[in-house]
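Structural description and commentary
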Amino acid sequence: MIAEKKTIRESLGDRIFLGMIYLFLTIILLLVLYPLVYILSSSLSSPEAVSAGRVWLWPMDITLDGYKTVFKNEQVLHGYANSLFYTVIGTLISVTLTIMIAYPLSKKTFYGRSPMMMFITFTMLFSGGLIPTYLVVKSLGMIDTRWALLIPNAIWVWQVIIARTFFQSSIPDELGEAAEIDGCSDWRFIFSVIIPLAKPIIAVLSLMYAVGQWNAYFDALIYLKTQSLYPLQLILRSILVLNNGAATVDAGEMVKRQQMVELMKYSLIVVASLPVLIIYPFVQRFFVQGMLIGSVKG
Amino acid sequence: MGKSQRTSFWGVVFLETAVIKKRVVKTKGKASYHWQSAKKSLKRHWQLYLLVIPVVLYFLIFKYVPLANAVLAFKNYNVIQGIWGSPWVGTKYFEMFFHNPSFVPLIKNTLSISLFQLAVGFPIPILLALGLNEIKSARFKRTVQLVTYAPYFISTVVMVSIIMLFLAPRLGIINTILNAVGIDSINFLGDSSWFRSIYVFSDVWQTAGYSAVIYLAALAGVDPSLYEAAKVDGASRFQKIINVDLPGLMPAAVIILILSVGNIMAIGFEKMYLLQNPLNLSTSEIISTYVYKIGLLNANYSFATAVGLFNSVVNLTLLLVVNTVSKRVFRTSLW
């Protein structure tokens, strides 16, 4: 169809219009790209260049001083390790629970699946609110423990819906029926047939949960008090947003220290976002798939 | 809880639930005919039911118990007597909120930021998708998508610090540029009149590429024969967009619109809280940040629960109303 289109010469008006579309998209591209490039360039510049506002596009007097300061900062390293822990363990828990509910709900033979689906989706529309939830977490003794970041928000309803739609649309009923006739138990069927077949959806769920967990700060803000438990995002908040960075940098005189703190902010932004942004181009298709699973079929 | 999920994602979810709903209706007759079949299913598939139990418990404990705990709003909570033992006070806390001097500003701030966000954030992803759909160079298209999608993965904390660094009165790049063209520096975050624009445009910067994905998918699903018909009729590129592409993404757009209007009172806490400072509080204090402050910081549990409950009820009502209207007008609805 596309090859056929090319044979017809487009009118002048159409070509001008297309030119305008290219221009529009290029402007959007630059608007999104520029801040990202600016941050990266600043993070690689010298503290003096950043403080003097000499960085426009490319790094000035390239140094790795900013990164050295970041990696010498114990708070940041500790937060990084904590976030890795929360992300890995949290994702494991979340994906397991999501599949545990999504698979049975996708089976026609599962009695009561539509009331149960309503039971779950209703929580998306109406919730008890901040304080009532906080009190539940408190009464379970989870406040100021690592559990508070792993359990209370372990399952996202829309992940359940996505996974369920996947199971419904890509695992034929006949497969289960055949296994049943052969005397295969449900659990064995799940482990030896469903899990291998579900790799794409497991990838989608893991990525979404992992990014969510890595980027979250709200639960940590309300549930944690001990600093040694803080995930990276809370440490970032203290240094970047509340401007408590100065105490953590040792660099002789006042002015120098201030400049270093400014530089460190840029490096810190890069370091904190890098894990996600580096893997993102390779896994983008999974995210898009995640968003579109089901709607393609329906 | 942080309401950090983006509206567009909800759009997909609801599109999907709609699909599932249809299937459920189809199979309902089969699935629910007798208790007998339930017993048979339970006997044969007990392992599946066992699997579901932990998840059901999760929802009961972390979603439904808090729902029951919301009775706190009608009680005078004290720690010793607990939620159920504390004395009833009726609607005292609701009245307290309605007569509170911060009631009107809270509603006003919440509404005006939401409406502004809707006005800017709704059309831009559509324009982006329509534009991308016209591009034949796969490489350019991929590049634009990859780059515009990327900011979605930046965390709220980092996003807010980027805003702060860029808008800093002395060294921020925006003010450096303004100075270069002879305009005095502006203390953007210290000026309450700038707050809405900062919030909304940074949000668009972060999510437009992401939200465009849904519309691109809708456009990919447009029947190719419509394009051929348009070509035969000699439609220009612009006419094709108006008459074929736009109607093609209408259903998705309506769903997103319903959800956005339904969420108009539910602006996320995370970004707002970080952007707040005493200077911009007059436009940046919204219901969710207010609940956090009076509830958790000042430990005024009952009052905060009442405010939160009021907000939840308003949200649900809005969603139901918009959904019903949309069902009548556009023949599209969430369920």
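Rules of the game
- Sequence order as written defines residue numbering, which begins from 1 separately in each chain.
- Chain letters and ligand numbers both follow the written order, the letters beginning at A and the numbers at 1.
- Thresholds applied to this predicted model are a pLDDT of at least 70 for local features of residues and 80 or more for the giving and counting of side-chain atom pairs; totals over whole chains, interfaces and linings are not thresholded and use all residues.
- To obtain the side-chain values, all non-hydrogen atoms of the structure were included, while hydrogens and water were left out.
- Helix numbering and strand numbering both begin at the N terminus, where a helix is a DSSP run of H or I of at least 4 residues and a strand a DSSP run of E of at least 2.
- The buried label goes to any residue with under 20% of its type's maximum accessible area, the exposed label to any with over 50%, and the partly exposed label to all in between, with areas taken from a 1.4 Å probe on protein chains only.
- Should any heavy atoms of two residues lie within 4.5 Å, those residues are counted as being in contact.
- Shrake-Rupley sampling with a 1.4 Å probe provides the accessible areas, and residues are treated as covered by the protein chains on show and by no other component.
- Start and end positions for the domains come from either an automated domain assignment or a database one.
- The term buried area denotes the loss of accessible surface (1.4 Å probe radius) that occurs when two parts are joined, taken as the sum for both partners.
- The salt bridge criterion pairs a side-chain nitrogen of Lys or Arg with a carboxyl oxygen of Asp or Glu, the two atoms within 4 Å.
- Pairs of N or O atoms are called polar contacts if they sit within 3.5 Å, as long as, within protein, a hydrogen donor faces a hydrogen acceptor (for residues adjacent in sequence, only side-chain-to-side-chain pairs).
- One less than the number of residues in a helix, times 1.5 Å, gives the span that helix is expected to have.
- Bend, in this description, refers to the angle at a residue between axes fitted to the seven residues ending there and the seven starting there.
- Amino acids outside the nonpolar list (Ala, Val, Leu, Ile, Met, Phe, Trp, Tyr, Cys, Pro) and the charged list (Asp, Glu, Lys, Arg) are all regarded as polar, and Gly is one of them.
- Patch members must show over 30% relative accessible area and no salt bridge, and they are joined within 9 Å when carrying like charges or within 5 Å when they are nonpolar side chains of Val, Leu, Ile, Met, Phe, Trp or Tyr.
- Simply put, an axis is a line fit to the C-alpha atoms, just over the touching stretch for a helix, and the angle between two N-to-C directions goes from 0 to 180 degrees.
- Any angle from 65 to 115 degrees is called roughly perpendicular, while one under 35 is roughly parallel, one over 145 is roughly antiparallel, and all others are oblique.
- Helix crossings fall into two classes, left-handed where the near helix is turned counterclockwise from the far one by less than a right angle and right-handed where it is turned clockwise.

For the rest of this paragraph, the subject is the overall build of chain B. Scanning chain B from N- to C-terminus turns up 17 helices and 0 strands. By the burial criterion, 53% of the 335 residues in chain B qualify as buried. Contacts spanning at least 24 positions in sequence make up 67% of the contacts within chain B whose residues lie at least 6 apart. Total accessible area on chain B is roughly 15200 Å²; 66% of this is exposed by carbon and sulfur atoms.

Residue and element names in this part refer to chain A. Domain boundaries in chain A define domain 1 (2-71 + 249-292) and domain 2 (74-229). Its C-alpha centre places domain 1 at a distance of 33 Å from the equivalent point of domain 2. The partner domain 2 presents 10 residues to the 14 residues of domain 1 that form the contact. Both faces considered, domain 1 and domain 2 share a buried interface measuring about 1100 Å² in area, 80% of it formed by carbon and sulfur atoms. Across the contact surface, domain 1 and domain 2 share 0 salt bridges. Summed over the shared surface of domain 1 and domain 2, the result is 2 residue pairs in polar contact (both at pLDDT 80 or more). Here the element with the most residues in the side of domain 1 that touches domain 2 is helix 15 (residues 254-292); it accounts for 12 residues.

Residues and elements named next belong to chain B. Following the criterion strictly, the structure yields 7 salt bridges over all chains and no others. Between Glu-134 and Arg-237 there is a salt bridge, and its shortest N-O distance comes to 2.8 Å. Note that Glu-134 is positioned in helix 7 (residues 123-134) and Arg-237 in helix 13 (residues 237-262), a separation of 103 residues in sequence. For the pair shown, Glu-134 and Arg-237 are each scored as buried. Of the charged contacts in the structure, one is a salt bridge between Asp-245 and Lys-240, with a shortest N-O distance of 3.9 Å. What makes Asp-245 buried here is its relative accessible area of 0%. Each of Glu-134, Arg-237, Lys-240 and Asp-245 takes part in one network of salt bridges that share partners.

The next thing to look at is the side chain of B:Asn323. Residues and elements named next belong to chain B. Tracing the backbone through its elements, the reader meets Asn-323 in helix 17 (residues 301-329). Of the residues examined, Asn-323 reaches a relative accessible area of 3% and is grouped as buried. The residues touching Asn-323, leaving out its near neighbours within four places in the chain, are Ile-258, Ser-333, Leu-334 and Trp-335.

Residue and element names in this part refer to chain B. Given a rise of 1.5 Å per residue, 24 residues ought to cover 34 Å, and the 32 Å separating the end C-alpha atoms of helix 3 (residues 46-69) matches this to within 8%. At Leu-60, helix 3 shows its largest bend, some 35°. What helix 3 keeps buried is the set Gln-47, Leu-48, Tyr-49, Leu-51, Val-52, Val-55, Tyr-58, Phe-59, Phe-62, Tyr-64, Pro-66 and Asn-69.

What follows is about the interface of chain A and chain B. Taken together, the contact pairs 113 residues of chain A with 108 residues of chain B. Buried area between chain A and chain B, summed over both chains or domains, comes out near 10600 Å², and the portion from carbon and sulfur atoms is 77%. Applying the counting criterion to the chain A and chain B interface returns 0 salt bridges. Counting residues per element, the side of chain A that touches chain B draws most heavily on helix 2 (residues 12-44) of chain A, which supplies 18 residues. Classifying every residue of the side of chain A that touches chain B by side-chain character gives 76 nonpolar, 21 polar and 16 charged.

Quick look at a nonpolar patch on the surface now. A cluster of nonpolar residues, A:Leu140, A:Trp187, A:Phe191, B:Trp46, B:Leu50, B:Ile53, B:Leu57, B:Leu60 and B:Ile61, forms a patch on the protein surface that exposes about 860 Å² of accessible area. Contributing elements (two or more residues each) for the nonpolar patch: helix 11 (186-197) of chain A together with helix 3 of chain B. Take the nonpolar patch: its biggest share by element is 6 residues, from helix 3 of chain B. Here A:Leu140 is to be found in the loop between helix 7 (130-139) and helix 8 (147-150). We classify A:Leu140 as partly exposed; its relative accessible area is 44%.

This part covers the domain arrangement of chain B. Residues and elements named next belong to chain B. For chain B, the domain assignment lists domain 1 (7-34 + 91-329) and domain 2 (45-88). Computed over C-alpha atoms, the centres of domain 1 and domain 2 are 31 Å apart. With 8 residues of domain 1 in contact, the opposing surface of domain 2 contributes 7 residues. For the pairing of domain 1 and domain 2, the buried interface totals around 660 Å² over both sides, and the portion due to carbon and sulfur atoms is 70%. Counting across the interface, domain 1 meets domain 2 through 0 salt bridges. Our enumeration of links across domain 1 and domain 2 arrives at 4 residue pairs in polar contact (both at pLDDT 80 or more). Where the side of domain 1 that touches domain 2 is concerned, the elements lending two or more residues are helix 5 (92-98) and helix 17.

Here we come to the packing of helix 11 (residues 195-220) of chain B against helix 13 of chain B. All names here are of chain B. At a closest axis distance of 8 Å, the pairing of helix 11 and helix 13 adopts a crossing angle of 140°. The angle between the axes of helix 11 and helix 13 places the two elements in the oblique class. Seen from above, helix 11 lies across helix 13 with right-handed handedness. On the side of helix 11, the interface is formed by Ile-214, Tyr-215, Ala-218 and Leu-219, while helix 13 contributes Asp-245, Gly-248, Leu-249, Ala-252, Ala-253 and Ile-256. Partitioned by chemical class, the residues of the contact of helix 11 with helix 13 number 8 nonpolar, 1 polar and 1 charged.

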